[in-house]
Amino acid sequence: MTETSVPGLEAILLVGGQGTRLRPLTLGTPKPLLPTAGVPFLAHQLARARSFGVRRIVFATSYKAAMFEPVFGDGAEFGLSLEYMTEETPLGTGGAIRNAAEGLTAAPTDPVLVLNGDILSGHDIGDQVRTHLARNAAVTLHLTEVDDPTRFGCVPTDDDGRVTAFLEKTSNPVTNRINAGCYVFTRSVIDRIPRDEVVSVERETFPGLIESGELVLGYHDRTYWLDVGTPAAFVQGSRDLVLGRLASPALPGPTGDHLALDGADVSPEAKVNNGSAVGSRAVVEAGAVVSGSVLSDECVVEAGATVTDSVLGRGARVCSGAVVRDAVIGDGAVVGPGNELQAGIRVWPGVRLPACAVRWSSDI
Ligand code: GDD
Ligand code: MG
């Protein structure tokens, strides 16, 4: 437990989104379960929450809800007690928080931590909670700064840290300071969100609280922060964890410039580096180059292939001489010999790209 832990703190983890921007990876696996630095993404968030004293977490599930419990069970293995609350139809972030609150034991005046399920953050959760309690706020939002605030919730504050507006995905941001997706709610404020209705905390609850003069507080810091919702951010997150740019108690073993899980078969004549993670039973053959990438279990990178800043889904294969850069290759897909994929390309699960005859024949 860290010095700044808050014993007995309960949390809600929002994990019901469809992960649309990460398709096709999220067609078969929800975003929070995608392998990240060798473990399901959420394992990093769970371990971090635990290090700040959280012992009980309620998962707010919807999309592929049934896939979570087989992975995390009752949480005992992680030193946690886990509960699963499922929305039959997605209720939005606010409706999900209200629904999940049925699984809390916190009293009305207690603080409750709420986490978006796709965030890597190095901030001091204990300090955020203490700030919330000291100021007796209704909600305290973790804020960070990004270059392009239009993709996030833009959150201006006054000199005392009071949030003066909440502008979700506005084309006219008034500050670079954004909602970092980690909230401390006073429990009674959650109980006031309408039940069984679709509600957005970003578009309804927060603006409503601000409008009615309640204290919505910003907790700003400049530590590591990343939303892994896009393919580029997802590979960056895994890479940063492997390279130790963000410490995580959930890393499956010691890492250097790459991480290979037990049972991975990496040729000594292959070059695997820049924070790549190689899943179990995955094969990287001699002369292959894998840089900054996530290779899921059972995928194969054949001799002489190059994979850079990309994600290979489970059982995907990149054949000899192929070049894959800034790409997402779905589960079981095959990139035939000699193909050179354009940056940003996504190959759907099971698709087989035939050998690229011209390039391949000129290579041999
Ligand atoms: N249970 C449930 N039900 N969860 C949901 C639902 C729902 O209907 N909709 C979204 N979620 C979960 C997602 O799984 C994710 O963990 C979290 O809520 C946020 O959804 P995203 O789809 O990732 O939102 P975003 O990244 O566009 O924006 C949000 O996060 C930004 C920070 O990364 C907003 O909160 C922004 O204001 C914020 O800046
Ligand atoms: Mg997100």
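Residues numbered from 1 in each chain as written. Chains lettered and ligands numbered in written order. Predicted model: local features only at pLDDT ≥ 70, side-chain atom pairs only at ≥ 80, totals over all residues. Heavy atoms only, no water.

Considering the coordination of the magnesium ion (ligand 2)
Bound to the magnesium ion (ligand 2) are the protein donor atoms Asp118 (OD) and Asp227 (OD), situated 2.1 to 2.4 Å from the metal. One end of the pair, aspartate 118, is in the loop between β6 (111-116) and β7 (119-121); the other, aspartate 227, is in strand β13 (residues 225-227), and 109 residues separate them in sequence. The exposure classification of aspartate 118 matches that of aspartate 227, with both residues buried. (Donors = N, O, S within 2.8 Å, 3.2 Å for Na, K, Ca; no water. Helix = DSSP H or I, 4+ residues; strand = E, 2+ residues; numbered from the N terminus. Buried < 20%, exposed > 50% of the residue type's maximum accessible area, 1.4 Å probe, protein only.)

Digging into the sheet that holds strand β16 (residues 271-273)
Spatially, β16-β19-β22-β25 is the arrangement adopted by the four strands of the open sheet, whose pairing is parallel. The two strands at the open ends of the sheet, each matched to only one other strand, are β16 and β25 (323-325). Pairs of neighbouring strands in the sheet enclose a mean axial angle of 0°, with direction left out of account. When β16 meets strand β19 (residues 289-291), the two strands line up parallel, connected through three bridges. (Pairing = 2+ DSSP bridges. Axes fitted to C-alpha atoms, helices over the stretch in contact; angles between N-to-C directions.)

Considering the side chain of arginine 48
Locating arginine 48 in the fold gives a position in helix α2 (residues 41-51). It turns out arginine 48 is buried and unbridged, and the closest side chain with the opposite charge, aspartate 124, is 7.2 Å from it. Beyond its immediate stretch of four places on either side in the chain, arginine 48 contacts Ser121, Gly122, His123 and Ala247. (Lys, Arg positive; Asp, Glu negative; His and termini not counted. Salt bridge = Lys/Arg side-chain N within 4 Å of Asp/Glu carboxyl O. Contact = heavy atoms within 4.5 Å.)

Some details on helix α8 (residues 231-242)
The end-to-end C-alpha distance of α8, which contains twelve residues, comes to 17 Å, matching closely the 16 Å that a straight helix rising 1.5 Å per residue would cover. Within α8, ten of the twelve residues are buried, which leaves the element mostly enclosed by the surrounding structure. Of all the positions in α8, only Pro231, Ala233, Phe234, Val235, Gly237, Ser238, Arg239, Asp240, Leu241 and Val242 are classed as buried. Of the residues trailing α8, glycine 244 is marked for its positive phi of about 80°. (Expected span 1.5 Å × (residues − 1).)

Here's the deal with the site of ligand 1
Surrounding ligand 1, one finds 27 residues, the nearest of these being Leu14, Glu168, Asn179, Glu202 and Asp227. Between an oxygen atom of ligand 1 and a main-chain N or O atom of glycine 92, the distance comes to 2.8 Å. Tyrosine 183 is positioned with one of its side-chain polar atoms (N or O) 3.5 Å from an oxygen atom of ligand 1. In isolation ligand 1 exposes 740 Å². Once the protein is present, 90% of that is buried. Within the residue set of the shell around ligand 1, elements represented by two or more residues are α4 (92-100), β11 (177-186) and β13. Broken down by element, the shell around ligand 1 gets its largest block of residues, three residues, from α4. Among the residues making up the shell around ligand 1, the classes are represented as eleven nonpolar, eight polar and eight charged. (Near = heavy atom within 4 Å. Polar contact = N/O pair within 3.5 Å; in protein donor to acceptor, adjacent residues only side chain to side chain. Areas by Shrake-Rupley, 256 points an atom, 1.4 Å probe, with all protein chains shown as cover. Nonpolar A, V, L, I, M, F, W, Y, C, P; charged D, E, K, R; others polar.)

Describing the domain arrangement of the protein
Here the domain parsing of the protein yields domain 1 (9-227) and domain 2 (257-361). Distance from the C-alpha centre of domain 1 to the C-alpha centre of domain 2: 34 Å. Contacts between the two partners involve ten residues from domain 1 and, on the opposite side, 14 residues from domain 2. Between domain 1 and domain 2, roughly 830 Å² of surface is buried when both sides are summed, and carbon and sulfur atoms account for 71% of that area. Where domain 1 touches domain 2, the interface holds zero salt bridges. For the pair domain 1 and domain 2, the interface holds two residue pairs in polar contact (both at pLDDT 80 or more). Its residues assigned to classes, the side of domain 1 that touches domain 2 shows six nonpolar, two polar and two charged. (Domains from an automatic or database assignment. Buried area = accessible area lost by both parts, 1.4 Å probe.)

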